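Coordinate analysis (summary)
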Amino acid sequence: LRQAIFWLRRRIGAETLLDEGGSLVLAPNVVVDVDDLIQSVEARNPQAVCSAYRGRLMPNFEVRESDEFTDWIALQRTTLGRRLTAGINTIIGIDALVSAEERLALTAILVDAAPDDNDNWRLRFQALLASSQFGQLEAEGAALMAGVDLEIELRRLWSKCESPAEQKVLLAFLPRQP
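Residues numbered from 1 in each chain as written. Predicted model: local features only at pLDDT ≥ 70, side-chain atom pairs only at ≥ 80, totals over all residues. Heavy atoms only, no water.

A few words on the packing of helix α2 (residues 33-42) against helix α4 (residues 67-93). Between α2 and α4, the shortest axis-to-axis distance is 9 Å and the interhelical angle comes to 30°. Between α2 and α4, the angle is such that the two are roughly parallel. As α2 runs across α4, the sense of the crossing is left-handed. Listed contacts from α4 to V34, L37, I38, V41 and E42 of α2 are L80, R83, L84, G87, I88 and I91. Within the contact of α2 with α4, the residues separate by chemical class into 8 nonpolar, 1 polar and 2 charged. (Axes fitted to C-alpha atoms, helices over the stretch in contact; angles between N-to-C directions. Helix = DSSP H or I, 4+ residues; strand = E, 2+ residues; numbered from the N terminus. Parallel < 35°, antiparallel > 145°, perpendicular 65-115°, else oblique. Left-handed = near helix turned anticlockwise from the far one by under 90°. Contact = heavy atoms within 4.5 Å. Nonpolar A, V, L, I, M, F, W, Y, C, P; charged D, E, K, R; others polar.)

Structure (structure tokens):
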């Protein structure tokens, strides 16, 4: 743990990560992009949401041998995805606020942040259709169907797993546990 904290402080700056009575906290002046994103969503500002979104939460960050972290980050991603879905759906529902271009950008964020939400895909396809982006609609539809086919096959394999270790390998590929 000490080595990890040392590495992290070297990477982000010792003054950024503070020790407060045995707990590590970020310095008060640190701005986190997720906070900016949530504030933009709450302000119902489509341009700010599009500017603030940086992709999935910590997509390549993992702690090997830590089921607790894996569970925690999955929960954080799900929670953020739900907040974004609710907030962006509210923004999209106010037609006067959103141009066709912004609707496309916002629906792209929805399917990236919460790819398991069918309503997000429906909104995305409606936005593409309304903007006459038929090639993009076809490509994203094909990618979605390939993902559905993969999930069906993985679920079939899940039912044949003989050990928890085999199931754990499959869980890495499944969006939700069967």
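Alright, that's what it looks like, and here's the rest.
What follows deals with the side chain of N120. Checked against the element boundaries, N120 lands in helix α6 (residues 118-130). A residue is classified by how much of its surface remains accessible, and N120, at 0% relative accessible area, is buried. There is a polar contact of 3.3 Å between the side chain of N120 and the backbone oxygen of A114. If we skip the residues at most four places from it in the chain, N120 touches T85, N89, L110, V111 and A114. (Buried < 20%, exposed > 50% of the residue type's maximum accessible area, 1.4 Å probe, protein only. Polar contact = N/O pair within 3.5 Å; in protein donor to acceptor, adjacent residues only side chain to side chain.)

Here the focus is the packing of helix α5 (residues 100-113) against α6. Contact pair α5 / α6: the axes reach a minimum separation of 9 Å and the direction vectors enclose 155°. By the angle between their directions, the pair α5 and α6 is classed as roughly antiparallel. Regarding α5 and α6, the two cross each other, and that crossing is left-handed. Side by side, α5 and α6 meet where R103, L104, T107, A108, L110 and V111 of the first sit next to N120, W121, L123, R124, A127 and L128 of the second. Residues of the contact of α5 with α6, tallied by class, amount to 8 nonpolar, 2 polar and 2 charged.

So, on to the nonpolar core. One finds L37, V49, Y53, L84, I88 and L106 to be the most contacted residues of the largest nonpolar core, which totals 20 residues. Of all the secondary-structure elements, those providing two or more residues to this core are α2, α3 (46-52), α4 and α5. The dominant element in this core, judged by the number of residues it contributes, is α4, at 7 residues. Non-local contacts of I88, meaning those with residues more than four positions away in its chain, are made with V41, V49, L106, I109 and L110. (Core = buried A, V, L, I, M, F, W, Y, C linked by side-chain atoms within 4.5 Å.)

Here the focus is the packing of aromatic side chains. The tally for this structure, following the rule as stated, stands at 1 aromatic pair. For the pair W121 and F125, a centre-to-centre distance of 5.7 Å together with 45° between the ring planes defines the contact as tilted. Note that W121 and F125 are positioned in helix α6 at a spacing of 4 residues, about one turn of the helix. The exposure class of F125 is partly exposed, given its relative accessible area of 22%. (Phe/Tyr/Trp six-rings, centres within 6.5 Å; stacked < 30°, edge-to-face > 60°.)

Located in the positive-phi region is R44, a residue other than glycine, with phi close to 55°. In this fold, R44 is placed in the loop between α2 and α3. A relative accessible area of 42% places R44 in the partly exposed class. One non-glycine residue, S132, lies in the positive phi region at around 55°. With respect to the element layout, S132 can be found in the loop between α6 and α7 (134-159). The exposure class of S132 is partly exposed, given its relative accessible area of 47%.

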